[in-house]
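Residue-level structure breakdown
Each chain is listed here by its residues.
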Amino acid sequence: MKPIKVGLLGIGTVGAGTFNVLQRNQEDIRRRAGRGIEITMVAARNLDKARGIVGAGVEVVADPFAVVNNPEIDIVVELIGGYELPRELVLKAIANGKHVVTANKALLALHGNEIFAAAQGKGVTVAFEAAVAGGVPIIKALREGLTANRIESVAGIINGTTNFILSEMREKGLDFATVLKQAQELGYAEADPTFDIEGVDAAHKLTIMSAIAFGIPVQFDKAYIEGISQLQARDIRYAEQLGYRIKLLGITRRTRTESGEGIELRVHPTLIPASRLIANVEGAMNAVLVQADAVGASLYYGKGAGSEPTASAVIADLVDVTRLATVDPYCRVPHLAFQPNEMTDVAIMPMAEITTSYYLRVYVKDQLGVMADLTRILADAGISIDAVLQKEPGDQVNLDIILLTHQTREKNIIAAIEKIENLPAVIGKVTRIRLETLS
Ligand code: HSE
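Report follows, based on the coordinates.

Calculation notes
- Within every chain, residues take consecutive numbers counted from 1 along the sequence as written.
- Totals for whole chains, interfaces and linings use all residues, but because this is a predicted model, local features are given only for residues with pLDDT of at least 70 and pairs of side-chain atoms are given and counted only at 80 or more.
- For the side-chain quantities, the full set of heavy atoms in the structure was used; hydrogens and water were omitted.
- Going along the chain from the N terminus, every DSSP run of H or I of four or more residues is numbered as a helix, and every run of E of two or more is numbered as a strand.
- Taken over C-alpha atoms, the radius of gyration is set against a globule rule of 2.2 Å times the number of residues to the power 0.38.
- Residue burial is assigned from relative accessible area. The probe radius is 1.4 Å, only protein chains are included, and a residue is buried under 20% of its type maximum, exposed over 50%, and partly exposed in between.
- Working rule for contacts: check all heavy atoms of both residues, and any pair within 4.5 Å makes them a contact.
- Each accessible area value is a Shrake-Rupley result obtained with a 1.4 Å probe; residue values ignore everything except the protein chains displayed when judging cover.
- It suffices for a single heavy atom of a residue to lie within 4 Å of a molecule or strand for the residue to be listed as near it.
- Counting of polar contacts relies on pairs of N or O atoms within 3.5 Å, with two restrictions inside protein: one atom must be capable of donating a hydrogen and the other of accepting it, and residues adjacent in sequence are counted only when both atoms are side-chain atoms.
- In this analysis the probe radius is 1.4 Å and the grid spacing 1 Å, with only protein atoms considered; a cavity is a set of points the probe fits into but cannot get out of, a pocket is an open set with protein on both sides within 12 Å along at least five of seven lines, and lining residues have an atom within 4 Å of a point.
- Grid points define the cavity or pocket, and a molecule sits in it when more than half of its atoms lie within 2 Å of them.
- Only Asp, Glu, Lys and Arg are considered charged, only Ala, Val, Leu, Ile, Met, Phe, Trp, Tyr, Cys and Pro nonpolar, and every remaining residue, Gly among them, polar.
- Paired strands, as defined in this entry, are two strands with at least two bridges between them according to DSSP.
- Classification of ring pairs uses Phe, Tyr and Trp, with its six-membered ring standing for Trp, and accepts pairs whose centres are within 6.5 Å; under 30 degrees between planes counts as stacked, over 60 as edge-to-face, and the remaining range as tilted.
- Each ring is checked for a lysine NZ or an arginine CZ that lies within 6 Å of its centre and within 35 degrees of its normal; such an atom marks a charge sitting over the ring.
- Grid points are joined across faces, edges and corners, and a volume is the space filled by probe spheres set on the points.
- Boundaries of every domain are those given by an automatic assignment or by a domain database.

**Comments concerning the overall build of the protein**
A tally of helices and strands in the protein yields 15 helices and 18 strands. The globule rule puts the C-alpha radius of gyration for 439 residues at 22 Å, and the 24 Å found for the protein is close to it. Seen through its C-alpha atoms, the protein measures out along the principal axes to roughly 80 × 50 × 35 Å. Counting only residues that meet the buried cut, the protein has 55% of its 439 residues in that class. Long-range pairs, those at least 24 residues apart, make up 73% of the contacts in the protein between residues at least 6 apart in sequence. Total accessible area on the protein is roughly 18,700 Å²; 50% of this is exposed by carbon and sulfur atoms.

Take a look at the structure:
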């Protein structure tokens, strides 16, 4: 059988990794796919650099539309990043009857419904293993490996930059700004790290996993997103003294509400018991914990970024698409795991309705009765206290009081915090970090 022909849009870190791994492992890949997979055309901004990577045998062009409009190309691999240009290119490739492989989580989190519907209409596949957790095959696991299960929740460390920063803050006792600067110098964090540190990148990935886990459309606009830029070194230290680690977790979960079933979709710093495996995922690594009814808990761990780890996922998709290219479209694995006409409209829950536990740090004047006031406000709100810690943060005058609560509704804690902040002995704002036992 003739090799399948692939056009690359973009040949940066991941594109170069894809080209190199395909070359290096071409014989094994051919034996697995049933035919060869050849990159025959590349669109790049820097033509000389691209030619230096792919050599003379591959056509290098400046115009990405020349790739998606080339009738010789069977699969388009989109590695440009961003939203609008990739959206146009992917939709054009689909309209031209080409399969698409993309690593672009932002594109799918925002425009996935439109793109998957277009692909369905044309009988082509859009594959996106590399869009979530880089080289960790979590899309394959959720969509195929766990297909027998009713998935209850997915909780993941799905942004390596923030996990690296949090690990360094904890291990070295450094503050956020210092570690961010180091991460940028080491090349872990982008020059503009906003999407990573403010949780947006993690929310893109979580939105995609949520859709696959629960058979709902992608709904990035409904995700609750809170990043790590406000985290203080002392909260990481106090959490550790109480037996917890703080991670930026993406959590999506089925929940019963007063009005029926809802889906939680949230990214925020989270205290996790230090004894959990996922709490010990350090540095730039990623991990995803899935709870499902038949299999129970399963954990997927590995490199969430980087040239060859991400290329590994891109090529896995290329092999899948190559194997399935001649199969009747209705027999292929659906893009979002569930058949398109079997998706549900279970609502994403408003954050005020979710139930979790909380870490509260209250900075107070060291006065008689302040602890009693705090505990009374929580008791009046029906919020039960699990642990209390009192610390002198170093100024010899005031105190940090740290309270861990049992589970309560988010709206209850918000109301209680408002009352606490109005106490005369309380200085400034209460620090509130959510806590998940993940048991
Ligand atoms: N910037 C991402 C991270 C990698 O830090 O994990 C690509 O998704």
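From this point, things continue past the structure.
**Things to note about the site of the ligand**
All residues adjacent to the ligand are Lys105, Asn159, Gly160, Thr161, Asp196, Asp201, Lys205 and Ala305. The side chain of Thr161 places a nitrogen or oxygen atom 2.5 Å from an oxygen atom of the ligand. A distance of 2.8 Å separates an oxygen atom of the ligand from a polar side-chain atom of Lys205. For the ligand, whose free accessible area comes to 260 Å², the fraction covered by protein is 81%. Using a 2 Å cut-off from the grid points, one finds that the ligand occupies the largest pocket. Counting residues per element, the ones that place at least two in the shell around the ligand are α8 (160-172) and α11 (200-214). Its residues assigned to classes, the shell around the ligand comprises 1 nonpolar, 3 polar and 4 charged.

**With respect to the pairing of strand β10 (residues 260-273)**
Most of β10 is tucked away, with 13 of its 14 residues classed as buried. Note: strand β9 (residues 244-257) against β10, 14 bridges, orientation antiparallel. For Leu248, the partnering residue across the bridge sits in β10 and is Pro269. Counting the residues between successive antiparallel strands, the hairpin from β9 to β10 contains 2 residues. Inspection of the sheet shows β10 paired to strand β13 (residues 347-348) by 2 bridges, in the parallel sense. Among the inter-strand pairings, Ile263 is bridged to a residue of β13, identified as Ile348.

**Quick notes on the packing of aromatic side chains**
Per the stated rule, a full pass over the model turns up 1 aromatic pair. Ring centres of Phe116 and Phe128 lie 5.5 Å apart, and the angle between their planes is 40 degrees; on these two criteria the pair is classed as tilted. In this pair, Phe116 sits in helix α6 (residues 105-122) while Phe128 sits in the loop between β6 (126-127) and α7 (138-145), placing the two residues 12 residues apart along the sequence. In this structure Phe128 comes out as buried when scored by relative accessible area, which is 0%. Over the face of the ring belonging to Tyr363 we find Arg234, whose NZ or CZ atom lies 5.5 Å from the ring centre.

**Notes on the layout of surface pockets**
Here the largest pocket defines a volume of roughly 1,200 Å³. Forming the boundary of the largest pocket are 44 residues, of which Val14, Lys105, Glu190, Asp201 and Ala305 lie nearest the centre. Contributing elements (two or more residues each) for the lining of the largest pocket: α1 (13-24), α6, α8, α10 (194-197), α11, β11 (285-292) and α13 (307-324). The class makeup of the residues in the lining of the largest pocket is 17 nonpolar, 19 polar and 8 charged. A domain split of the lining of the largest pocket shows at least three residues from each of domain 1 (4-135 + 307-342) and domain 2 (139-303). Taken as a whole, the second largest pocket spans an internal volume of roughly 390 Å³.

**Some thoughts on the environment of Lys98**
By secondary structure assignment, the location of Lys98 is in the loop between α5 (84-95) and β5 (99-102). Apart from the residues lying within four places of it in its own chain, the contact partners of Lys98 are Val67, Val68, Asn70, Pro71, Ile73, Asp74, Val76, Ala93 and Val124. Only 2.7 Å separates the side chain of Lys98 from the backbone oxygen of Asn70, close enough to count as a polar contact.

Read these as geometric descriptors, not functional statements.
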